[in-house]
Amino acid sequence: MSNKIGLILALVIFLESYLFMYDLYMVQLINTKLVMSSNYVNGLIIKEGGVSEEIYDYVEDEINAKLYLDSDNYPGVGETIKYTIVMDYYRLYKRSVESMSISRSVLLGYTLN
């Protein structure tokens, strides 16, 4: 009888630790995806001189996230555009939806070679 209880407890502890490790792995993947996509969006904003509908479509379709502007859409040369990319993630360990975000700013008028 005690062997069965010990086996059940071991499986429960293993399952919870597996779900926790999976959540950590997915958080790291989403963080990497947000950083890489924000760098790409920075390049697009510099190229176009502002945030266009193509950038919104890219963020929504390719990344499955939302893009929010914290400043004017088309400022002048030498000014900055601040934006935030927000992505939702369903956590298996706590069974809740978490939002991960990354905020970036772009200086317009200067191109990267």
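Thresholds, definitions, all that
Residues numbered from 1 in each chain as written. Predicted model: local features only at pLDDT ≥ 70, side-chain atom pairs only at ≥ 80, totals over all residues. Heavy atoms only, no water. Buried < 20%, exposed > 50% of the residue type's maximum accessible area, 1.4 Å probe, protein only. Helix = DSSP H or I, 4+ residues; strand = E, 2+ residues; numbered from the N terminus. Arc of directions from axis to C-beta. Pairing = 2+ DSSP bridges. Axes fitted to C-alpha atoms, helices over the stretch in contact; angles between N-to-C directions. Patch = residues over 30% accessible without salt bridge, like charges linked within 9 Å, V, L, I, M, F, W, Y side chains within 5 Å. Areas by Shrake-Rupley, 256 points an atom, 1.4 Å probe, with all protein chains shown as cover. Salt bridge = Lys/Arg side-chain N within 4 Å of Asp/Glu carboxyl O. Polar contact = N/O pair within 3.5 Å; in protein donor to acceptor, adjacent residues only side chain to side chain. Contact = heavy atoms within 4.5 Å.

In this section: helix H2 (residues 53–62). Every buried residue belonging to H2 is among Ile55, Tyr56 and Val59, and all of these are buried. Take H2 and look down its axis: the buried residues cluster within an arc of 100°, on one side only. Away from its buried face by more than 90 degrees, H2 exposes Glu53, Glu54, Asp61 and Glu62. Positioned one or two residues after H2, Asn64 has a phi angle of 60°, which is positive.

This paragraph deals with the sheet that holds strand E1 (residues 66–69). One open sheet holds the 3 strands; their spatial order is E1-E2-E3, and the pairing between them is antiparallel. With one partner strand each, in any of the chains shown, E1 and strand E3 (96–107) form the two edges of the open sheet. With direction set aside, neighbouring strand axes in the sheet form an average angle of 25°. Pairing analysis gives 12 bridges linking strand E2 (residues 80–91) to E3, with the strands arranged antiparallel. Counted as the bridge partner of Val86 is Ser101 from E3.

A few words on a nonpolar patch on the surface. On the surface, Tyr22, Tyr25, Leu29, Tyr90, Leu92 and Val97 cluster together into a nonpolar patch covering about 590 Å² of accessible area. Sorting elements by how many residues they give to the nonpolar patch places helix H1 (residues 2–48) first, with 3 residues. Counting through the fold element by element, Tyr90 comes out in strand E2. A residue is classified by how much of its surface remains accessible, and Tyr90, at 45% relative accessible area, is partly exposed.

We now examine the side chain of Ser38. Mapping Ser38 onto the fold places it in helix H1. By relative accessible area, Ser38 is classed as buried at 0%. Separated by 2.8 Å, the side chain of Ser38 and the backbone oxygen of Val35 make a polar contact. Here Ser38 is in contact with Tyr83, Ile85, Ile102 and Arg104, once residues within four sequence places are set aside.

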